[in-house]
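Residue-level listing of the chains:
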Amino acid sequence: MQTWYRSDDLSDSVIKVAGLSKQYRIGEKREKYKTLRDSLTESVLRSARGLRRAVSRNGYRANPDRFIWALQELSFEVKRGEVLGIIGRNGAGKSTLLKVLSRITEPTSGYADITGRVGSLLEVGTGFHAELTGRENIYLNGAILGMKRAEIEQKFEAMIDFAEIPKFVDTPVKHYSSGMYLRLAFAVAAHLNPEILLVDEVLAVGDAEFQKKCLGKMRDVAHGGRTILFVSHNMEALLSLCSRCIVISNGRLAYDGTPVDAVSFYHKTFSSAANQNDAHVIYSTPPANPDETRITQIEILDALGHPQPLLHTWDDVLFRIHYQSAEEVRNGSVILDIRDFKDQRLIVLDSGLKVPLRKGTHTIDCFLPRLPLPAGEFFLAGGLSVSTYSWLSRDSHLGALRVYGSDVLELGRPPSYSRMMFVAAHEWSESSEGGEPRQSDFTLQQLDSVVR
């Protein structure tokens, strides 16, 4: 029998998850509903022919190989007032965990003890009714979350101001843009003062200004002694907001620790998952369908086009990008961002309009002389674009870059990311009054080629 209950005697822990597992059935076709006559007829025929067919209680053909464990023996605790970040690749089980904690679905085994009222924002507009107005949905959502009418009315204006939709509050939400929908959904969840707030990757939909406002509101909620579970792929937001992070992989707890260490561990999993037979291939995805436009592989080569599995500071690097395009894009471009573990954009490599995208499967090379990164963990993001704000395809993780240290500055130690973000070539010399200025061997033409 499944066990899921709330307890009030957890001392300082408001959430205790123990041995939590969730199993789903996949890939099986549900039997169509039948009339009583159909069922009786089939039963008679089956008995007459001596046929037996295993059918599960819920109407699926029984097949033990058609199960997937979204969560497996997951155990952890969250203390009151803690902001817990949850990191993991797509399909790792993050959303399933929040759905179990929100009581949207029940676990297959294990249990979760929760103390306090839970407010959840798992998808944009969760619990909203498209035919109702913004005003009506605020009251409806508030009632679902256990709020009294007087409490909703007291906070109503604050919700509308936060969502920035005063002109549209009496308009059915089916006419809202995705941004308006998101702002209202977050405003309701954040202003209902839940003791525990569950947030699942909803900030990715909003613009930069709204994301900043949401993060500020979540900080206010956390400082008020409330508990937040925050699922996001925005590493900068996780690092700035969370006091602790866990990493989930294949439904299991893979890491539990400080946000910086957890993010570093998460990025290393991409490195270890890279193609082990071709260590210079840092990103590879199965062949896309012909109607897709996307980057399919990225190779790391040296200046001569040879595989370069190990990168060092000031190495000449050639990124060979394999892509597939469903159509000719004359004004298309390829963009790669090199980012750090905080998701900060360090270097942008943009082909501009110099190399149009051709229909079919092709490659494009980007040469980066003297890689200016110190020793550390970095990763690529980007995709194919027709302009700065219009993407044909975009990926937040196109492979991990591990840069190994070289004592290029001759200091007796290699430069590391803990001391500097970039490694710039420079020289020191004694100067005397009236002395001739030192001439650099690095010409303006070379500098221009590096900048370009």
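Residues numbered from 1 in each chain as written. Predicted model: local features only at pLDDT ≥ 70, side-chain atom pairs only at ≥ 80, totals over all residues. Heavy atoms only, no water.

Engineer: Hey, could you run me through the environment of Gln 297 in this one?
Structural biologist: Along the chain, Gln 297 falls in strand β11 (residues 294–301). Sequence separation between Gln 297 and Thr 285 is 12 residues; the distance between their C-alpha atoms is 6.5 Å. Those residues in contact with Gln 297 that lie beyond four places of it in its chain are Val 281, Tyr 283, Ser 284, Arg 320, Ile 321 and His 322. (Helix = DSSP H or I, 4+ residues; strand = E, 2+ residues; numbered from the N terminus. Contact = heavy atoms within 4.5 Å.)

Engineer: Got a minute to help me understand the packing of aromatic side chains in this structure?
Structural biologist: Ring pairs (aromatic) are described by centroid distance and by the angle formed between their planes. Per the counting criterion, the structure on display carries two aromatic pairs. Relative to Phe 265, the ring of Tyr 255 lies with its centre 5.0 Å away and its plane at 20 degrees, an arrangement referred to as stacked. In this pair, Tyr 255 sits in strand β9 (residues 252–257) while Phe 265 sits in helix α8 (residues 259–272), placing the two residues 10 residues apart along the sequence. Here Tyr 255 falls in the partly exposed class, since its relative accessible area comes to 26%. Assessed through its relative accessible area of 27%, Phe 265 is described here as partly exposed. (Phe/Tyr/Trp six-rings, centres within 6.5 Å; stacked < 30°, edge-to-face > 60°. Buried < 20%, exposed > 50% of the residue type's maximum accessible area, 1.4 Å probe, protein only.)

Engineer: Looking at this model, I keep getting lost on the pattern of salt bridges. Mind explaining?
Structural biologist: Side chains bearing opposite charge may pair, as long as their charged atoms lie close to each other. Scanning all chains against the criterion turns up 10 salt bridges. Between Asp 256 and Arg 244 there is a salt bridge; the shortest N-O distance is 2.9 Å. One end of the pair, Asp 256, is in strand β9; the other, Arg 244, is in strand β8 (residues 244–249), with 12 residues separating them in the sequence. Accessibility expressed as a relative area gives 14% for Arg 244, which makes it buried. Linking Asp 365 and Arg 320 is a salt bridge whose minimum nitrogen-to-oxygen distance equals 2.8 Å. With a gap of 45 residues between them, Asp 365 in strand β16 (residues 360–368) and Arg 320 in strand β13 (residues 317–325) connect regions that are remote in the sequence. (Salt bridge = Lys/Arg side-chain N within 4 Å of Asp/Glu carboxyl O.)

Engineer: What should I look at first to understand the sheet that holds β13 in this one?
Structural biologist: Whether parallel or antiparallel, the strands of a sheet pair through hydrogen bonds between backbone atoms. Strands sit in the order β10-β11-β13-β16 across an open sheet of four strands; the sheet is antiparallel. Either end of the sheet is taken by a strand with one partner, and the two such strands are β10 (281–284) and β16. Recorded for the sheet is a direction-independent mean angle of 15 degrees between the axes of neighbouring strands. (Pairing = 2+ DSSP bridges. Axes fitted to C-alpha atoms, helices over the stretch in contact; angles between N-to-C directions.)

By themselves, these are just geometric observations and shouldn't be taken as functional.
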